[in-house]
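# Architecture and fold: a report
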Amino acid sequence: MSCSWMIPVFAILAFVASAAQADVVEHTFNVATLSLPRICQPGNTSVTAVNGRVPGPQVEAREGDTVVIHVINDSPYNVTVHWHGVFQRGTPWADGPAMVTQCPIRPGHRYTYRFAVAGQEGTLWWHAHSSYMRATVYGALVIRPRRAGGYPFPTPYEEKTVLLGEWWNGDPVALESQSFSTGIPAPNADAYTINGMPGDSYLCPETTNRIAKFEVRRDKTYLLRIINAALNTAFFFKVAGHTFTVVAADASYTEPYATDVIVIAPGQTVDALMAADASPGCYHMAISSYQSAIPFPPRPAGFNGNTSTAVVEYVDATATTDAGSPVLPVMPKPNDTYTANQFYTSLTALIRPGRRTVPLTVDTRMLVTVGLGFSSCQPEQTQCNRSAPVVLANMNNVSFALPNTVSMLEALYRNTADGVYTRDFPDQPPVAFDYTSRGLLGNSPLASTGSPSTKVKTLRYNATVEMVLQNTALVGLESHPMHLHGFNFFVVAQGFGNNNGEAAGAGEFNLVNPQERNTVAVPTGGWAVIRFVADNPGMWAMHCHIDSHFAIGLAMVFEVESGPTPGTTLPPPPPDLPQC
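Computed from a predicted structure; not experimentally measured.

## Regarding the UniProt feature "domain: Plastocyanin-like" (unreviewed entry) in the protein chain
Those residues carrying the UniProt feature "domain: Plastocyanin-like" (unreviewed entry) are residues 44–147, 159–293 and 424–562 in this numbering. For residues 44–147, the helix share is 0%, the strand share is 42%, and the end-to-end C-alpha distance is 45 Å.

Structural data, given as structure tokens:
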């Protein structure tokens, strides 16, 4: 049986176990520009991609394997690759964020990333960590259990990778450069994509042949590995006529959670079982944007309100089955914060022998505001309107700037931090106020943000950190997906309004089975409390995974000191580490 109007263009990735254990997984990534057709516009656009594909190749390993990736930069841009969610224990030089752990790989140069995926299972991903190149330089990183183990849920019939993204008809790197120079935000994406394809909801002829297709067999169960690789957009995800059981988030197993909608912020991953138990036919898989900002942006200028689609097709239906147009799911409203919050707060960790547990004592406490503010044009913003303020993002009123002469990790290793960064990132905001009052929107002197600077928070080895991430309303309330490099953390509490420090005393902290993540969506007009143990020496960025916010300063860096043994000491850089 077939959906006759659709041409299959995407090969489904199904896992077939090999007979031999692979200890080393090795790939070569050729980063280069190529020409791809625009969406609903004539002509092509030039994009940067890995091995001629968007998304790039999927990297598959087993827990405990070593991954070796040779990156050859044949593009005209500097590039780095970040292995999102990989702890990089003992390999901090392989983490990838430009000017934090390495200088970029310059055009015509190469660098080999080497790291182990020990103590981790599940769905992670990789992406460029230099400019808006992440829009097209990304792919999945799947870590399966060791052969002696297995999943803590019924083994699925097949696994299918679902990469959600955004597409611009122009060059994203050029768009970012123009945005910085003018101080005007870059335009919204021209389309959302599933496995690099926009689907059939964009009313132009060429999209009818650019839709991802997922074939299923009735009464079989499938593991969907869902990754939000979008630069700026959180998504609602549904499949018409089907429900899900969430079993993992950010490569950490969860208690099974039944739902008909998945909410996923930029940077996050969700593993969900889907039973193919609907009437045989064709069904739309669909994503639509979750617009968390308050005030809500009106259409059409405020955001891309399109629904992007793929197709789930039953291949073992009878010849008499109606193979007409797929059924389209009913999507939540774009500003349905209730549905988003219900999903995020319903996830809890699956307790298993040997898993990490929540630290019950805290050494370092931090209250960190996250949001947007205003500042004057920077000298480098040559096309900026200097008679008007520009938006800068900040944490505790500090807008982060990357150094430009040496990476922060190299400065730490060589003890040359002076002139590169300072160790004075504040534990508290400079002024306490009603952080989420809507009366502050856009008209408060509190929104004034100073010039960007490079500040870090230094942590002693093995310190336990509790951080309250508090949204602010100075420019607009918005959910910020905050990603921490080098660690997972426990989300022990979250809520709306101001965090007044009473959640723990009121018994609102979950210290038994909180969800473990590497990226938390701080609620719109609210807060999240996270805990982690600083047992990984190095320089570890924490930033908003909305790239338009990261680019204007919504970031900071943890400097984690070495421990007392050779195995807990910052190692020397590899010999082929790129130089600035």
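Still more to cover.
## Structural notes on the sheet that holds strand β8 (residues 138–144)
Spatially, 4 strands are ordered β3-β8-β7-β5 in an open sheet, and the strand pairing comes out mixed. Every interior strand has two partners, whereas the edge strands, β3 (59–62) and β5 (81–84), have only one. Neighbour-to-neighbour, the strand axes of this sheet turn through a mean angle of 20°, independent of strand direction. As judged from the 4 bridges shared by β5 and strand β7 (residues 122–128), these two strands associate in the antiparallel manner. Bridge pairing in β7 links V81 to A128.

## Some thoughts on the packing of aromatic side chains
All told, the structure shown has 20 aromatic pairs when counted by the stated rule. Here the aromatic rings of W83 and Y113 are separated by 5.6 Å at their centres, their planes lie at 70°, and the arrangement is edge-to-face. You can see W83 sitting in strand β5 and its partner Y113 sitting in strand β6 (residues 110–116), a full 30 residues away along the chain. Judged by relative accessible area, which is 0%, Y113 ranks as buried. Arranged with centres 5.8 Å apart and planes meeting at 80°, the rings of Y157 and Y222 form a pair that is edge-to-face. Residue Y157 is found in the loop between β8 and β9 (158–167), and its partner Y222 is found in strand β12 (residues 221–228); the two are separated by 65 residues along the sequence. Given a relative accessible area of 39%, Y157 falls into the partly exposed group. The class of Y222 is buried, set by a relative accessible area of 1%. Chaining the aromatic ring pairs together yields one cluster made of F29, W83, Y111, Y113, F115 and W126. Sitting over the face of the ring of F87, R89 holds its NZ or CZ atom 5.3 Å from the ring centroid.

## What about the environment of S179?
Relative to the helices and strands, S179 is located in helix α1 (residues 172–182). Remark: the alpha-carbon pair of S179 and C384, spanning 205 residues in sequence, is separated by 9.4 Å. What S179 contacts, discounting residues up to four positions off in sequence, is I184, P185 and A186. A polar contact is formed between the side chain of S179 and the backbone oxygen of I184, at a distance of 2.7 Å.

## A closer look at the side chain of N513
Its location among the elements puts N513 in the loop between β25 (489–496) and β26 (516–517). A polar contact of 3.0 Å, which involves the side chain of N513, links it to the side chain of N510. Filtering out sequence-adjacent residues up to four positions away, N513 remains in contact with T348, A349 and I351.

## Section: the sheet that holds strand β4 (residues 66–73)
Pairing within the open sheet is mixed, and its 4 strands lie in the order β2-β1-β4-β6. Strands at the two margins of the open sheet, each flanked by one partner only, are β2 (44–50) and β6. Across the sheet, the mean angle from the axis of one strand to that of its neighbour is 20°, orientation sign disregarded. As paired strands, strand β1 (residues 24–37) and β4 are joined by 8 bridges and run parallel to one another. Looking at β4, one finds that T28 is bridged to H70.

Reading the values: rules and limits
Residues numbered from 1 in each chain as written. Predicted model: local features only at pLDDT ≥ 70, side-chain atom pairs only at ≥ 80, totals over all residues. Heavy atoms only, no water. UniProt positions renumbered as here; feature names shortened; annotations may be inferred. Helix = DSSP H or I, 4+ residues; strand = E, 2+ residues; numbered from the N terminus. Pairing = 2+ DSSP bridges. Axes fitted to C-alpha atoms, helices over the stretch in contact; angles between N-to-C directions. Phe/Tyr/Trp six-rings, centres within 6.5 Å; stacked < 30°, edge-to-face > 60°. Buried < 20%, exposed > 50% of the residue type's maximum accessible area, 1.4 Å probe, protein only. Lys NZ or Arg CZ within 6 Å of the ring centre and 35° of its normal. Contact = heavy atoms within 4.5 Å. Polar contact = N/O pair within 3.5 Å; in protein donor to acceptor, adjacent residues only side chain to side chain.

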